[in-house]
Amino acid sequence: MYSMTGYGKGEYREGGIELTVELKSVNNRFLDISVKSPRIFIAYEEDIRARLRRELARGHVDVFVTYADKRERIKTLFVDLNAARAYVAAAEKLKSEFPAIADDTTVSMLLRLPDVTRQEETQEEDNALKDALFCALDKAVSSLKTMRFSEGERLKTDVLSRLNTIGELREQIADRAPIVAEEYRKKLTERMKEYLGGKVDETRILTEAAIFADKCNIDEELARLQSHIAEFHNICACDEVGRRLDFLVQEFNRECNTVCSKSSDAGVTAAALKMKNEIEKIREQIQNLE
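What this report covers is the structure whose coordinates are included nearby.

### Side note on the overall build of the chain
Scanning the chain for helices and strands turns up eight helices and six strands. Sequence-ordered secondary structure for the chain, helices as α and strands as β, is β-β-β-α-β-β-α-α-β-α-α-α-α-α. When the 290 residues of the chain are sorted by exposure, 34% land in the buried category. Taking as baseline every contact in the chain between residues at least 6 positions apart, the subset at least 24 positions apart corresponds to 78%. By element, 51% of the accessible surface of the chain is carried by carbon and sulfur atoms, the whole surface being about 17300 Å².

### Regarding the nonpolar core
Counting residues in each nonpolar core, the largest one holds 31 residues, and the members touching the most others are I173, F232, L245, F252 and M275. Elements with a contribution of two residues or more to this core: α4 (123-196), α6 (219-236), α7 (242-262) and α8 (266-286). When sequence neighbours within four positions are dropped, the list of residues in contact with F252 reads L163, I166, L225, H228, I229, F232 and I279. Of all hydrophobic cores here, the second largest spans 24 residues; its members include V21, F41, V63 and L137.

### Topic: the sheet that holds strand β4 (residues 59-69)
What links the strands of a sheet is backbone hydrogen bonding, and the strands pair in either a parallel or an antiparallel sense. One open sheet holds the four strands; their spatial order is β1-β2-β4-β3, and the pairing between them is mixed. Each of the sheet's edge strands pairs with one partner strand only, and the pair in question is β1 (6-14) and β3 (31-36). Across the sheet, the mean angle separating the axes of adjacent strands is 15° when strand polarity is ignored. The pairing of strand β2 (residues 17-26) with β4 spans 10 bridges and is antiparallel. Residue S25 lies in a different strand from β4, and its bridge partner there is V61.

### Examining a nonpolar patch on the surface
Side chains of L94, F98 and I101 sit close together on the surface and give an oily, nonpolar patch of about 320 Å² of accessible area. Its place among the elements puts I101 in the loop between α2 (81-97) and α3 (107-111). Note on I101: relative accessible area 55%, which makes it exposed.

### Examining the pairing of β4
Pairing of β3 with β4 involves six bridges; the strand directions are parallel. What sits directly across from L31, in β4, is G59. Of the crossover connections in this fold, the one passing from β3 over helix α1 (residues 45-55) to the parallel β4 is left-handed.

### Digging into the environment of V21
With respect to the helices, strands and loops of the structure, V21 is situated in strand β2. When its relative accessible area of 0% is taken as the criterion, V21 is described as buried. Sequence-distant contacts of V21, defined by excluding residues within four places in its chain, comprise G8, K9, G10, V63, F64, V65, L133, A136, L137 and A140.

### Focus on the packing of α6 against α7
When two helices pack together, you describe them by how their axes are tilted relative to each other and by the distance separating the axes. Relative orientation of the contacting elements α6 and α7 amounts to 160°, with a least axis distance of 10 Å. By the criterion of interaxial angle, the relationship of α6 to α7 is roughly antiparallel. Along this stretch, α6 crosses α7, giving a crossing that reads as left-handed. Along the contact surface, α6 presents E221, R224, L225, H228, I229, E231, F232, I235 and C236, while α7 presents R244, L245, L248, V249, E251, F252, E255, T258, V259 and K262. Across the contact of α6 with α7, the residue classes break down as 10 nonpolar, two polar and seven charged.

### Digging into α2
Spanning 17 residues, α2 covers 24 Å between terminal C-alpha atoms, matching the ideal 24 Å at 1.5 Å per step. With a side-chain oxygen lying 3.2 Å from the backbone nitrogen of N82, the N-terminal cap of α2 falls on D80.

### Remarks on the side chain of H228
Residue placement: H228 occurs in helix α6. In this structure H228 comes out as buried when scored by relative accessible area, which is 12%. Apart from the residues lying within four places of it in its own chain, the contact partners of H228 are L248, E251, F252 and E255.

### As for the side chain of R58
Structurally, R58 is set in the loop between α1 and β4. It is D246 that comes nearest to the buried, bridge-free R58 among opposite-charge side chains, at 6.5 Å. For R58, the residues in contact, after removing those within four places along its chain, are M4, N28, R29, F30, L31, R148, G242, R243, L289 and E290.

### A few points about the packing of aromatic side chains
Applying the stated rule across the entire model yields five aromatic pairs. Seen from their ring centres, Y44 and F134 are 6.5 Å apart, and the 70° between their planes marks the pair as edge-to-face. Note that Y44 is positioned in the loop between β3 and α1 and F134 in helix α4, a separation of 90 residues in sequence. The two residues Y44 and F134 agree in class, both being buried. The rings of F41, Y44, Y67 and F134 are connected pair by pair, giving a single aromatic cluster.

Conventions used here
Residues numbered from 1 in each chain as written. Predicted model: local features only at pLDDT ≥ 70, side-chain atom pairs only at ≥ 80, totals over all residues. Heavy atoms only, no water. Helix = DSSP H or I, 4+ residues; strand = E, 2+ residues; numbered from the N terminus. Buried < 20%, exposed > 50% of the residue type's maximum accessible area, 1.4 Å probe, protein only. Contact = heavy atoms within 4.5 Å. Areas by Shrake-Rupley, 256 points an atom, 1.4 Å probe, with all protein chains shown as cover. Core = buried A, V, L, I, M, F, W, Y, C linked by side-chain atoms within 4.5 Å. Pairing = 2+ DSSP bridges. Axes fitted to C-alpha atoms, helices over the stretch in contact; angles between N-to-C directions. Patch = residues over 30% accessible without salt bridge, like charges linked within 9 Å, V, L, I, M, F, W, Y side chains within 5 Å. Salt bridge = Lys/Arg side-chain N within 4 Å of Asp/Glu carboxyl O. Right-handed = clockwise from strand over helix to strand, strands pointing away. Parallel < 35°, antiparallel > 145°, perpendicular 65-115°, else oblique. Left-handed = near helix turned anticlockwise from the far one by under 90°. Nonpolar A, V, L, I, M, F, W, Y, C, P; charged D, E, K, R; others polar. Expected span 1.5 Å × (residues − 1). Polar contact = N/O pair within 3.5 Å; in protein donor to acceptor, adjacent residues only side chain to side chain. Lys, Arg positive; Asp, Glu negative; His and termini not counted. Phe/Tyr/Trp six-rings, centres within 6.5 Å; stacked < 30°, edge-to-face > 60°.

Structure, rendered in structure tokens:
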């Protein structure tokens, strides 16, 4: 079981490349990835997202990439001859138009023009930087998943503890429910004796008690709650549980609301309300689960 909240960091320090990838994740309904990196890594951003999609299912993930390149790299200069010719032609035209002005057109001057020359790096250096990026990313993902798992296990312990409380409250309600109808029958008998001077119509009392018992019957709700508790345990044995548990908690809440609406007993109602409180706390916690 994994939480959606966590932090991971990966570093690469070899061959003059110093690169760090940091991942920060928080709750989100779906997987949302935001990459913040130097422009040199723009071409790899979709690859970064694809790598994270294979490892993570939900959460908003911020990716931060920083690097310093201290390699002694082999560099080449690309010379744009067409641009150089255009500059020279413009200089000659100006010289013919203004002969009194000194001409300082030189090759060195042309080399300083950004349109004429630009620096190019070899493809091998680009591959080395890409390898460093994904090496650091893999380390960061591993670190992030370790933290998310640790946090997920903590949440798992908490929600299972609350689930045990729900199970205990369900047993209290199950023990109390059969007694409620019998207590109603006794109270009804006493009232009829009081009003009718000791004469009691047993058939009428049994009929009223049966109608009351049927209206207040919560056997189906208790059975479904027991089934939901078992299913909750089964789901918790998996990794990606957030959406499934979210749906299941809604079912818990529905059954608990039905118990409250059918109940006419203070003890049953009190236990059901306590159960609702625990269900709500579980619902809040599973919003953090992947």
